[in-house]
Amino acid sequence: MPSTANQNPEQIARDKIDLMLREAGWSVQSKKKVDLLASKGVAVREYQTDVGPADYVLFLDRKPVGIIEAKREDEGHRLTVVEDQSSNYTNAKLKYLNNDPLPFVYESTGTITRFTDYRDPKPRGRNVFWFHKPETIAEWLKKGKSLRERLLSMPDLDPTGLRPAQIVAINNLEHSFKKNRPKALIQMATGAGKTFTAATFVYRLLKHADAKRILFLVDTKNLGEQAEQEFMTFQPNDDNRKFTELYNVQRLSSSYIASDSQVCISTIQRLYSILKGEELDESAELENPEESRYLSGWLQQQISKKKAIPVEYTPRVPIEQFDFIVIDEAHRSIYNLWKQVLDYFDAFLIGLTATPDKRTFGFFNENVVSQYTYEESVTDGVNVPYDVYTIETEISQNGETIKAGWFVDRRDKLTRKKRWQQEDEDTTYQRNDLDKKVVNPSQIRNIIREYKRALKATIFPNRVDEHGDYEVPKTLVFAKTDSHADDIIKIIREEFDEGNDFCKKVTYKVEEDPKSVLNRFRNSYYPRIAVTVDMIATGTDVKPLEVLLFMRDVKSINYFEQMKGRGTRTINTDSLQLVTRTAKSKTHFVIVDAVGATKSKKTDSRPLERKPTMPLKDLLGAVAMGVVDEDLFLSLANRLIRLEKQITEKEKDKILEFSEGKNLKQITKELIMAFDQDEIEAKAQIEIDKIPVQDRTPGLIDEAKEKAQEQLIIEASRTFNGTFNDYVENVRKQHEQIIDSHNIDTIITSEWDTTSVDKATQVVKDFTEYLEANKDEIKALSIFYDQPYNRRDITFKMIKEVMEKLRLEKPLLAPDYVWDAYVTLSAVEGPQKPQDELTALVSLIRRACGIDQELKAYDKTIDENFRKWIFKQNAGKHNRFSQEQLDWLRMIKDHVVSSYHIEIDDLDYTPFDAKGGKGKMYQLFGTEMNGIIEELNEVLAA
């Protein structure tokens, strides 16, 4: 890696990216010296497009195939925001070329890299350890469709020879693949045939999804041999040859991975050693590494040598070596040191286990596909103009404890760079520590998962389009920090089975580009969900917004009212349906409170990193102990520059106390000046000037420079004593988050707030009082209340009159809104709200005036009354009606469902005219015709 002493953050990131590209096999070139014949893969810096210069354009065999958007390291937490920028370049025209859109897109800081394949059905960015090789991209293009698209066209499973649990596991797993879930867990009891199940889906992935290579990962040699035997004996249903006659299976016994192997079987220990460039003795594969004394000692040795994390790229085992990794006995050895193996590869992960523990569920994103069922669209939900839905989880309320001895990831909040360590002592965290000191992915995931469930079941259940798909209402999520927002975005995309466009980070600005996320959120179909941290200037309303999800608390009443205000704006139905097709009207919005926000009381740097792997504590200690080394001083300066940007004003004041009044910028400057030749010479010159010119020998001049530097070093070092070092180390820790994937969260409350019940009671009361107050003025109401025998005479026109008067005088008592209030009070019979608003109104009027004891859909009432009447007619007169007569009677019933009443003259119009009209009915029923029509009007309206 080149020296970074005199580079800006952007250049450091570019240097890292250049190195990564070269190691992956790309030739990196300047735009001024382009030679596309130099290599199969060429990355050209600052290539001009019609929307500006792209940081890197990737050429494969002289044709452009992708771009890289480069960002400096401390922008790592913002890479999801950068997706829009990089997407613009993919669709741009390159200078001199009439190119198609470029399918392969990376965003990278050199530390964190994200990748999106825009050939995917729902392109979703994902973190990758490194860049893919040119040869790999050539293979992808040759295959035409991307892997994720090929997964969509897999044929149905032939269940012959499979047990029910295996059928469920394979079908649900493949569905998970189709949804682009990166991890899945198959929990299957011992003896149920996990490996046979794996062999079945591995065969299907190779044959039907054209997977290149699949890794079967175990933690002991014995399990590897068993898996090998299973593949050797496996014979698929649709071929009379054995698996190993169709595909090459290799069980690794060295570091060599055959280029023609389609299934590799390996222990996780061996794969780790391959990535470290070390040979592994087979004795290390005999026992589960979590239980082996030998391996425990070896692990400690690796830690002491600081070789514990395989962070280095291995060109002969690139990140794309495997498309899928099957992890056998996944509850045992995929954490701690070994987890790094799985983080390295760009592959789908499938866990197999009989006995998962909490860590297993956490690692696999709680996607247990062998028990995976889809949430059905269920009962109509509760929605009022301003309502509160509360979601509480165990960890959100009570916190948790990370135990001493557990191995956890620690992540820098800004760069999102992770480091792995074993905890020395228990760390107990409370609700206020979440997403600050500690990130618990399960806590975020359970809130999002419960929100998704509650949306369909309770909050906005009637949002199913003509294809049967649920349409998520426009939702704004309030996050605590940019880092928190990125965690939320990633999990929302996974839990809702959607791509990058579905959920975005939104920034509120005074001046907005029409293509900005905020404008798209307001005016376009996507994104459906936006996550925001910075809030919310006036004039930034998103009128179609129907849900506010609070995942951060706020103490200021004014601030809270501003946040609430995002959901209050009205919008006409036509405008709403432009962005939310299934919405009838916006009569309310819902606050989903996952943090108690509604109940709480309402207030110059240059990166110089030379020793990036050295803990800050060690750097501080080394300077305090008198170690003099340029790399040490510059590395410490870099860490302190970063720290200065992270800490609060109060923390800066505390540092002044411990440093004799020096702030971090001054301390940093002293560290840099101690090895700055200009500064050394300037300071030495003061002493040299005191020496007569004739006596200024080279030796004296050098001596003066040495003394000058020594003084600068002493000045720079004197700050670093035990008290100062302890404080800096501790304050730094607060800006590093522990990732707690051990403690799995659970939902403890998911319900409407009690205030919502009170509001619903008031809504029902207001509606009932309005009807009673107007029953003498409105004919239909007069009939419902005082002339029940005349209900058969109520017409479509009369019901429309009630609706128009209601809209004019009491717009908030819209039928949808009142119906949802009844649902809140559990006063509804059956799950289905009528699709037609007038039919819902008739249902509500019948309930309010006491005809029906419970609210039920009037169209269903008519259906039920019709069935009873037909049954009575047929029972009393031995099948009184012929099939043709029954068909005609059903047409009359359907007409009454939509028009509430039927007249003889209606028989001359649709749909009766096409069947022969009045004449045909008379032909079928003779003189009984008028009586039957009169009787049906009365019976159906009963």
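Because the structure is predicted, anything quoted here is derived from the model rather than measured.

Asks: How would you explain the sheet that holds strand β12 (residues 324-328) if you had to name every residue and give the values?
Replies: If you trace the six strands from one edge of the open sheet to the other, you get β8-β13-β12-β9-β11-β10, paired in parallel fashion. Two strands lie at the open edges of the sheet, namely β8 (183-187) and β10 (249-251), each paired on one side alone. Strand after strand, the sheet turns through a mean of 20 degrees between neighbouring axes, direction not considered. As judged from the five bridges shared by strand β9 (residues 214-218) and strand β11 (residues 263-267), these two strands associate in the parallel manner. Within β11, the position partnered with Val-218 by the bridge is Thr-267. Its contacts with the sheet put helix α7 (residues 221-233) on β9, β10, β11 and β12, and the angle it makes with β11 is roughly 160 degrees. Lying on the sheet, helix α9 (residues 268-275) is in contact with β9 and β11; it crosses β11 at an angle near 95 degrees.

Asks: Tell me about the packing of aromatic side chains, residues and numbers included.
Replies: A complete count under the given rule lists 34 aromatic pairs for this structure. For the ring pair Phe-658 and Tyr-727, a centre distance of 5.3 Å and an interplane angle of 45 degrees mean the geometry is tilted. Placement of the pair is Phe-658 in helix α21 (residues 649-658) and Tyr-727 in helix α25 (residues 722-733), with a sequence separation of 69 residues. Here Phe-658 falls in the partly exposed class, since its relative accessible area comes to 25%. When the centroid spacing of 5.9 Å and the interplanar angle of 50 degrees are considered together, the rings of Trp-888 and Phe-912 count as tilted. Taken together, the positions of Trp-888 in helix α32 (residues 883-899) and Phe-912 in the loop between α32 and α33 (917-925) put the pair 24 residues apart, joining distant regions of the chain. Phe-912 shares its class with Trp-888; the two are buried. By way of ring pairs, the aromatic residues Phe-196, Tyr-203, Phe-216, Phe-231, Phe-234, Phe-243 and Tyr-247 are connected into one cluster. Sitting over the face of the ring of Phe-496, Lys-452 holds its NZ or CZ atom 5.9 Å from the ring centroid.

Asks: I'd like a description of the packing of helix α29 (residues 815-824) against helix α30 (residues 837-848), backed by residues and values.
Replies: Running from amino to carboxyl end, α29 crosses α30 at an angle of 45 degrees, the nearest separation of the two axes being 9 Å. In terms of their interaxial angle, α29 and α30 are classed as oblique. Handedness of the α29/α30 crossing: left-handed. Facing α29, whose interface residues are Pro-815, Val-818, Trp-819 and Tyr-822, α30 presents Glu-837, Ala-840, Leu-841, Ser-843, Leu-844, Arg-847 and Ala-848. Across the contact of α29 with α30, the residue classes tally to eight nonpolar, one polar and two charged.

Asks: How would you sum up the side chain of Ser-108? Please name residues and give values.
Replies: As for its position among the elements, Ser-108 is in strand β5 (residues 104-108). Within the local environment of Ser-108, its side chain forms a polar contact with the backbone nitrogen of Gly-110, the two atoms lying 2.9 Å apart. In terms of polar contacts, Ser-108 uses its side chain to reach the side chain of Thr-113, at 2.8 Å. With residues up to four places along the chain from it excluded, the contact list for Ser-108 reads Ile-17, Ile-68, Glu-69, Ala-70, Lys-71, Thr-113 and Phe-131.

Asks: Go over the pattern of salt bridges with me, naming the residues and quoting the values.
Replies: Following the criterion strictly, the structure yields 40 salt bridges and no others. In this structure, Lys-40 engages Asp-61 in a salt bridge whose closest nitrogen and oxygen atoms are separated by 3.1 Å. Of the two residues, Lys-40 sits in the loop between β1 (27-29) and β2 (41-49) while Asp-61 sits in the loop between β3 (52-60) and β4 (63-70), which places them 21 residues apart along the sequence. Since its relative accessible area comes to 33%, Lys-40 is described here as partly exposed. Taking the relative accessible area as the measure of exposure, Asp-61 reaches 44% and is therefore partly exposed. The salt bridge involving Glu-450 is made with Arg-453; its shortest N-O contact spans 2.7 Å. With Glu-450 and Arg-453 both in helix α14 (residues 441-459), this residue pair falls three residues apart, about one helical turn. Residue classification places Arg-453 among the partly exposed residues on the basis of a relative accessible area of 30%. Each member of the salt-bridge network shares a partner with another, and the members are Arg-445, Arg-449, Lys-490, Glu-494 and Glu-495.

Conventions used here
Residues numbered from 1 in each chain as written. Predicted model: local features only at pLDDT ≥ 70, side-chain atom pairs only at ≥ 80, totals over all residues. Heavy atoms only, no water. Pairing = 2+ DSSP bridges. Helix = DSSP H or I, 4+ residues; strand = E, 2+ residues; numbered from the N terminus. Axes fitted to C-alpha atoms, helices over the stretch in contact; angles between N-to-C directions. Contact = heavy atoms within 4.5 Å. Phe/Tyr/Trp six-rings, centres within 6.5 Å; stacked < 30°, edge-to-face > 60°. Buried < 20%, exposed > 50% of the residue type's maximum accessible area, 1.4 Å probe, protein only. Lys NZ or Arg CZ within 6 Å of the ring centre and 35° of its normal. Parallel < 35°, antiparallel > 145°, perpendicular 65-115°, else oblique. Left-handed = near helix turned anticlockwise from the far one by under 90°. Nonpolar A, V, L, I, M, F, W, Y, C, P; charged D, E, K, R; others polar. Polar contact = N/O pair within 3.5 Å; in protein donor to acceptor, adjacent residues only side chain to side chain. Salt bridge = Lys/Arg side-chain N within 4 Å of Asp/Glu carboxyl O.

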